[in-house]
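# Working through the structure, step by step
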Amino acid sequence: MKTVLKVAGVVVACLLLIGGAAYGWASVTTDRAFSRAIDTHSIDFPIPFPLAAEEVEELELTDEEAREVALERARERGRHLVQARYACGECHGDDFSGGVMVDAFPIGRLLGPNLTGGEGGVTGGYTAADWDRIVRHGVLPDGRPAVMPSEDFQLMSDQELSDIIVFLSSQPPIDNQVPPPSFGPLGRMLVATGEIHLSADLIDSHTTSHTALPPAAEVSVEFGRHLAGVCVGCHGQDYAGGPIAGGDPSWAAARNLTPHESGLAGWSYEDFARAMLDEVRPDGSPVQLPMTMITPYAREMTEVELQALWRYLQSVPPVPTG
Ligand code: HEC
Ligand code: HEC
């Protein structure tokens, strides 16, 4: 009996030791991952983008008036981008004063900071370069990697980012102090083993310049490809779908969006629009989470944007589901 107890004691002690060592390793590795400095370019762009000189002349505007019109247009473009395409409010809150990305022990508590001009707002002293770093590179102003999934935004043009900044700056200031991200034991384990990727590590280049303007808003493959930049985070770089890495375990696997028989072969544009807007597939089955987090944005898209997305998805190589 005594020996059995002794053996059990040794086994428990070993497990505790291994568990402790694993946790220690994960903690140190995670802290190290987040305290690295990531080198990025430091760029500049106008906020807001000015009107074209010909238009200022044609409308006979003073400099002051031209700036007002440019601001007004930028704000409206920015509103559309945030409501239909780049889901900033999903994690930063509907009023942008702070929100939740993940709040689940033992993974962690990753909150979206306050982006308004109120107390606790973090963007007050931001330059265009700081906005570029966090939104398109996943890097904080001090150079450390952020937990924000910025790989979804790397195709954003300078003008789109500038428009979003103008729109966010026009929002009412709200006081809200948001605590910085913190990982629980499982979250640290997932970061340390590379199951949770930091977007700064996923983004191909931190020095290649961005395009100044988005492609023209028309039903073209090029514009559709630009719009589909926000779909790859879940549907994959080749749109073949499959389980979503780092996603909630209860989520459905992403579907194949390529024209393959295990994807959207046989679908019409109307079928696609019905799935995106009304959350039903051609066989009548409902579209499930997390796609239903995207459909409210799709409902804000213009007909041209939806058609361009469809035109582009029809043009990608058909591949079996990932
Ligand atoms: C999926 C969730 C998510 C989405 C979508 C998202 N963010 Fe974030 N964002 C975060 C989190 C979490 C942080 C905190 C990052 C950190 O401190 O590591 C953050 C941080 C920021 C910061 C502040 C960095 C700092 O502390 O100085 C800015 C600015 C920002 N996001 C802007 C945006 C904009 C603009 C968009 C839309 C284009 C956007 N975010 C979309 C989750 C998100
Ligand atoms: C947050 C992850 C996520 C994002 C981002 C996302 N999707 Fe999805 N999508 C899914 C998942 C998961 C499914 C499967 C849901 C199901 O099984 O009902 C899906 C299903 C679909 C379907 C239905 C396909 C079928 O065969 O049933 C279409 C169409 C679609 N997505 C298009 C898009 C487009 C276009 C974008 C970008 C504008 C996008 N999705 C962005 C996760 C996502």
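What you are looking at is a predicted structure, and each value in this text was computed from that prediction instead of being measured.

In the vicinity of ligand 2 lie 21 residues, with Cys-231, Cys-234, His-235, Arg-281 and Met-291 positioned nearest. Residue His-235 places a side-chain N or O atom 2.8 Å away from a nitrogen atom belonging to ligand 2. Contacts to ligand 2 include Gln-288, whose backbone N or O atom sits 2.7 Å from an oxygen atom. Among the secondary structure elements, those contributing two or more residues to the shell around ligand 2 are α10 (232-235) and α11 (269-278). When grouped by side-chain class, the residues that make up the shell around ligand 2 number 17 nonpolar, 2 polar and 2 charged.

Close to ligand 1 lie 25 residues; Cys-88, Cys-91, His-92, Tyr-126 and Met-148 are nearest. Residue Tyr-126 places a side-chain N or O atom 2.5 Å away from an oxygen atom belonging to ligand 1. In this structure, Val-147 approaches ligand 1 through a main-chain N or O atom, which is 2.9 Å from an oxygen atom. Sorting the residues of the shell around ligand 1 by element identifies α4 (88-92) and α5 (128-137) as the ones contributing at least two each.

When two helices pack together, their arrangement is given by the angle between their axes and by how far apart the axes lie. Two elements in contact, α11 and helix α13 (residues 303-315), have axes separated by 10 Å at closest approach and are oriented at 120°. Looking at the two axes, α11 sits oblique to α13. For the element pair α11 and α13, the recorded crossing hand is right-handed. Residues Tyr-269, Phe-272, Met-276 and Leu-277 of α11 lie in contact with α13, whose contacting residues are Glu-303, Leu-306, Gln-307, Leu-309, Trp-310 and Leu-313. When its residues are assigned to classes, the contact of α11 with α13 shows 8 nonpolar, 1 polar and 1 charged.

Note on the iron atom of ligand 2: its protein donors are His-235 (NE2) and Met-291 (SD). The metal-donor distances range over 2.1 to 2.2 Å. If you look at the iron atom of ligand 2, its 6 donor atoms make angles of 84 to 180° with each other, and the shape they trace is octahedral. Of this pair, His-235 sits in helix α10 while Met-291 is found in the loop between α11 and α12 (295-298), placing the two residues 56 residues apart along the sequence.

Let us look at the domain arrangement of the chain. In terms of domain boundaries, the chain breaks down into domain 1 (53-202) and domain 2 (221-315). Using only C-alpha atoms to locate each centre, domain 1 and domain 2 end up separated by 24 Å. Contact residues are listed per partner, giving 14 residues for domain 1 and 13 residues for domain 2. Between domain 1 and domain 2, a total of about 1200 Å² is buried, with carbon and sulfur atoms accounting for 55% of that surface. Summed over the shared surface of domain 1 and domain 2, the number is 1 salt bridge. Residue Glu-305 is joined to Arg-85 by a salt bridge in which the shortest nitrogen-to-oxygen separation is 3.5 Å. Seen at the junction of domain 1 and domain 2, the total is 3 residue pairs in polar contact (both at pLDDT 80 or more).

His-92 (NE2) and Met-148 (SD) make up the full set of protein donors to the iron atom of ligand 1, lying at 2.0 to 2.1 Å. For the iron atom of ligand 1, the 6 donor atoms in the first shell make angles of 87 to 180° at the metal, so the coordination geometry reads as octahedral. Of this pair, His-92 sits in helix α4 while Met-148 sits in the loop between α5 and α6 (158-169); the two residues are 56 residues apart in sequence, bridging distant segments of the chain. By the burial criterion, His-92 is buried, and Met-148 matches it.

Of the positions making up α11, those classed as buried are Tyr-269, Asp-271, Phe-272, Ala-273, Ala-275 and Met-276. The elements touched by buried residues of α11 are α12 and α13. The first or second residue beyond α11 is Glu-279, which carries a positive phi of 60°.

The rules behind each value
- Residues numbered from 1 in each chain as written.
- Chains lettered and ligands numbered in written order.
- Predicted model: local features only at pLDDT ≥ 70, side-chain atom pairs only at ≥ 80, totals over all residues.
- Heavy atoms only, no water.
- Near = heavy atom within 4 Å.
- Polar contact = N/O pair within 3.5 Å; in protein donor to acceptor, adjacent residues only side chain to side chain.
- Helix = DSSP H or I, 4+ residues; strand = E, 2+ residues; numbered from the N terminus.
- Nonpolar A, V, L, I, M, F, W, Y, C, P; charged D, E, K, R; others polar.
- Axes fitted to C-alpha atoms, helices over the stretch in contact; angles between N-to-C directions.
- Parallel < 35°, antiparallel > 145°, perpendicular 65-115°, else oblique.
- Left-handed = near helix turned anticlockwise from the far one by under 90°.
- Contact = heavy atoms within 4.5 Å.
- Donors = N, O, S within 2.8 Å, 3.2 Å for Na, K, Ca; no water.
- Tetrahedral: all angles 85-135°; square planar, octahedral: opposite > 155°, others 65-115°.
- Domains from an automatic or database assignment.
- Buried area = accessible area lost by both parts, 1.4 Å probe.
- Salt bridge = Lys/Arg side-chain N within 4 Å of Asp/Glu carboxyl O.
- Buried < 20%, exposed > 50% of the residue type's maximum accessible area, 1.4 Å probe, protein only.

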